Amino acid sequence: MVRLSDTQLKELESSELIRNRNSARKSSQGGSSLFRGVSKWNHWLALLALIILIGCSFAWFFRDWSFLPYEHVVLSLHGSTSLGDELMPRLAEAFLRDEMGASETGFRIASKDPKGHSYLHVWGKVPGRLGLQVIEIYASGSSAAFECLATEGGRQSCDIGMSSRPINELDKEIYPALRNLGDRGNEHVVALDGIAIIVNPQNPVARLSVPQLRAIYTSQITNWKDVGGIDAPIEIYGRDRNSGTFEMFTEKVIGKDTIANAEVSAIPSDHQIGDSSLMVDSVMRSRNAIGYVSSPMIREAKALQISDGSGPAFPPTELSIVTEDYPICRRLLLYDWDAPGSLMNAFVRYVVYKPGQTLVRQTPFVELTPKIFPVVPPQNAPAAYKDVASKYSRIGLSFHFSSEQVDATTDITNQLDNLARVNVLRLRTFLAQHGGTGDDILLIGFADEHEGGLPSENLAHKRSESVATSLRAIGVIVPSQNIRNFGSELPVASNDTPEGRRKNRRVEVWVRNGLQ
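Okay, so let's go over this structure. (Residues numbered from 1 in each chain as written. Predicted model: local features only at pLDDT ≥ 70, side-chain atom pairs only at ≥ 80, totals over all residues. Heavy atoms only, no water.)

Quick notes on the overall build of the protein chain
Okay, step 1: Along the backbone of the protein chain there are 16 helices and 19 strands.
Okay, step 2: Considering the protein chain as a whole, with its 516 residues, one finds that 48% of them fall into the buried category.
Okay, step 3: Of the contacts formed within the protein chain by residues at least 6 apart in sequence, a portion of 70% connects residues at least 24 apart.
Okay, step 4: When the accessible area of the protein chain is evaluated, it comes to approximately 25600 Å², of which 53% is carbon and sulfur surface. (Helix = DSSP H or I, 4+ residues; strand = E, 2+ residues; numbered from the N terminus. Buried < 20%, exposed > 50% of the residue type's maximum accessible area, 1.4 Å probe, protein only. Contact = heavy atoms within 4.5 Å. Areas by Shrake-Rupley, 256 points an atom, 1.4 Å probe, with all protein chains shown as cover.)

Describing the nonpolar core
Okay, step 1: In terms of nonpolar packing, the biggest core is built from 49 residues, with Ile197, Leu208, Leu213, Tyr217, Ile290, Ile306 and Ile328 touching the most fellow members.
Okay, step 2: If near-sequence neighbours (up to four positions away) are discounted, Leu213 is found in contact with Ile197, Leu208, Val253, Ile290, Ile306 and Ile328.
Okay, step 3: The next biggest cluster of nonpolar side chains, apart from the first, holds 33 residues, and it includes Phe95, Ala102, Met344 and Tyr350. (Core = buried A, V, L, I, M, F, W, Y, C linked by side-chain atoms within 4.5 Å.)

Considering the state of the cysteines
Throughout this description, disulfide means a covalent bond between two cysteine sulfur atoms.
Okay, step 1: In total, this model carries one disulfide according to the counting rule given.
Okay, step 2: Shown here is the disulfide that connects Cys148 with Cys158, its sulfur atoms set 1.9 Å apart. Placement of Cys148 in helix α4 (residues 142-149) and of Cys158 in the loop between α4 and β5 (160-163) is noted, with a sequence separation of 10 residues between them.
Okay, step 3: Taking relative accessible area as the criterion, Cys148 reaches 2% and is therefore assigned buried. (Disulfide = S-S within 2.5 Å.)

A look at the pairing of strand β2 (residues 104-112)
If a strand is regular, its side chains alternate between the two faces of the sheet.
Okay, step 1: Alignment of β2 against strand β3 (residues 118-125), held across eight bridges, turns out to be antiparallel. Bridge pairing in β3 places Glu104 opposite Lys125.
Okay, step 2: Linking two consecutive strands that pair antiparallel, namely β2 and β3, is a turn of five residues; a positive phi of about 90 degrees is found at Gly116 within it. (Pairing = 2+ DSSP bridges.)

Description of the environment of Asn504
Okay, step 1: As for its placement among the helices and strands, Asn504 is situated in helix α16 (residues 498-504).
Okay, step 2: Residue class for Asn504 comes out buried when judged on its relative accessible area of 0%.
Okay, step 3: Each C-alpha atom of the pair Asn504 and Gly487 lies 9.9 Å from the other, and the pair is 17 residues apart in sequence.
Okay, step 4: Among all residues touching Asn504, those that are not within four sequence positions of it are Phe446, Ala447, Asp448, Pro491, Val492, Ala493, Ser494 and Asn495.
Okay, step 5: Polar side-chain contacts of Asn504 include one of 2.9 Å to the side chain of Asn495. (Polar contact = N/O pair within 3.5 Å; in protein donor to acceptor, adjacent residues only side chain to side chain.)

Comments concerning helix α14 (residues 418-433)
Okay, step 1: With 16 residues, α14 ought to run about 22 Å at 1.5 Å a step, and its terminal C-alpha atoms sit 23 Å apart, in line with that.
Okay, step 2: Of the positions making up α14, those classed as buried are Asn418, Leu419, Ala420, Asn423, Val424, Arg426, Leu427, Phe430 and Leu431.
Okay, step 3: The backbone nitrogen of Leu419 has a side-chain oxygen 3.3 Å away, supplied by the residue at the start of α14, namely Asp417.
Okay, step 4: Downstream of α14 by one or two residues, Gly435 has phi in the positive range, about 70 degrees. (Expected span 1.5 Å × (residues − 1).)

Describing the sheet that holds strand β19 (residues 506-512)
Okay, step 1: Pairing within the open sheet is mixed, and its five strands lie in the order β15-β16-β19-β17-β18. Both edges of this open sheet fall to β15 (372-373) and β18 (483-485), since each of them pairs with a single strand only.
Okay, step 2: Here six bridges tie strand β16 (residues 392-400) to β19, and the two strands are oriented antiparallel to one another. Bridging across to β19, Ser398 finds its partner in Glu508.

Re the pattern of salt bridges
Okay, step 1: Inspection of the entire model under this criterion finds 21 salt bridges.
Okay, step 2: The partner of Asp448 in a salt bridge is Arg505, with the nearest N and O atoms 3.1 Å apart. Taken together, the residues Asp448 in the loop between β17 (441-445) and α15 (456-472) and Arg505 in the loop between α16 and β19 connect sequence positions 57 residues apart. An identical accessibility class is assigned to Asp448 and Arg505; each is buried.
Okay, step 3: We note a salt bridge from Arg502 to Glu499, for which the minimum N-O separation is 3.2 Å. Pair noted here: Arg502 and Glu499 are both in helix α16, with a separation of three residues, about one helical turn.
Okay, step 4: Accessibility expressed as a relative area gives 12% for Arg502, which makes it buried.
Okay, step 5: What makes Glu499 partly exposed here is its relative accessible area of 40%.
Okay, step 6: One connected set of salt bridges, linked through shared partners, spans Glu324, Arg331, Asp417, Glu499 and Arg502. (Salt bridge = Lys/Arg side-chain N within 4 Å of Asp/Glu carboxyl O.)

Focus: the side chain of Ser295
Okay, step 1: Mapping Ser295 onto the fold places it in the loop between β11 (289-294) and β12 (302-303).
Okay, step 2: Apart from the residues within four sequence positions on either side, Ser295 is in contact with Gly194, Ala196, Pro316, Ile321 and Val366.

Here's what the structure looks like:
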């Protein structure tokens, strides 16, 4: 056996030690590489998790937009809150369904302006069209109707303007591009709106004038005895400021030239009511209360007869509103730039005629479709007028003339206002549906007592003849003996104001009793 010397043993131990150290170093280096690989993998996992977290957060915050189909705005309507809050959304949805063939419809608030007015999107899924077809309705006030239709940069910001008042000279001065907007073909009356003044049935007062109402709602009259009632304080109720009824009452009764907050300052805060039914309930609880509601909302309350001042007083009936004899009524209008064959033209025609007017009937507004109304003539009516009322009934429409029509020498033919022009067509449709002809109707013209030049009877007759001429042009022949006039008799409004004189220059339509 070979024995290793001490020196050889030391050398062997030394070399083994070196190998072990080298082996340990390699092992250590291999472990470090593995650690670095694991660390890099964790880094990528963390980054991926962060990306997923950000994506989920983005989807959450924009969840209202993320999953909506593409929307294509096919029509935009801006303007009146009275029209835009309820009536136009209903009509837009029906138009999408009936005229565009939408299989499904709905509503969505797309955004709001800084004052809280909504951009309402009425959408429909139309087979064969990509995305949702949208009619956008932005109701922020009648002035917005004219602002949006004023052309800027070669285009306007909406297709149709909604207004609860006619365009005026100030609008045209602010927006010169609108100087012809009120002309024939651009202005369309959608419905009529009337406000009933209501009191408790135990209140003996039966009628008030607009000036008396203004005095009550501005605290100039505070006791019922000052308007023919009992000696008791008047309890005033009114609608809240967000109501279209408040807007109309303020415009027609308080007046735009009066202090803007006059009505609010006269009414305690707990008497400012947000709902017509609650208004009626409040008036029914107190015999000294007075309030106002849209004409179909009277219920069991007592509606007062109202005069414009020195003119006769009228109750807020459907006939007095649709003929515009009732003082606190207004036209609700659409304005557009005449474009025959366009989608906007189709929408306007849908709204103005059936079935749009059928939907108007389901709202607080008064539809424009003619109806037959028996009439009890006033006691001061001429005998010939009372004879007419015994054999004929009124058709629920009247013909008025352009407000500029004040000169007796002006040709009255074709001076019908925009509503009257459409009423000519409605009258023809009415007669066709009831099996009637021009022989079955009377056209009775009236004048105001301040018109000069020709006698009032001549002017009144020219007005009834102008309606007969318009009817003849569309195939309805009214015989000459059925074209009559009563001159300046039986005014429906005061002759002391331009608006009153415009109302008195009118043509009434009567239909023979027994027409089916």
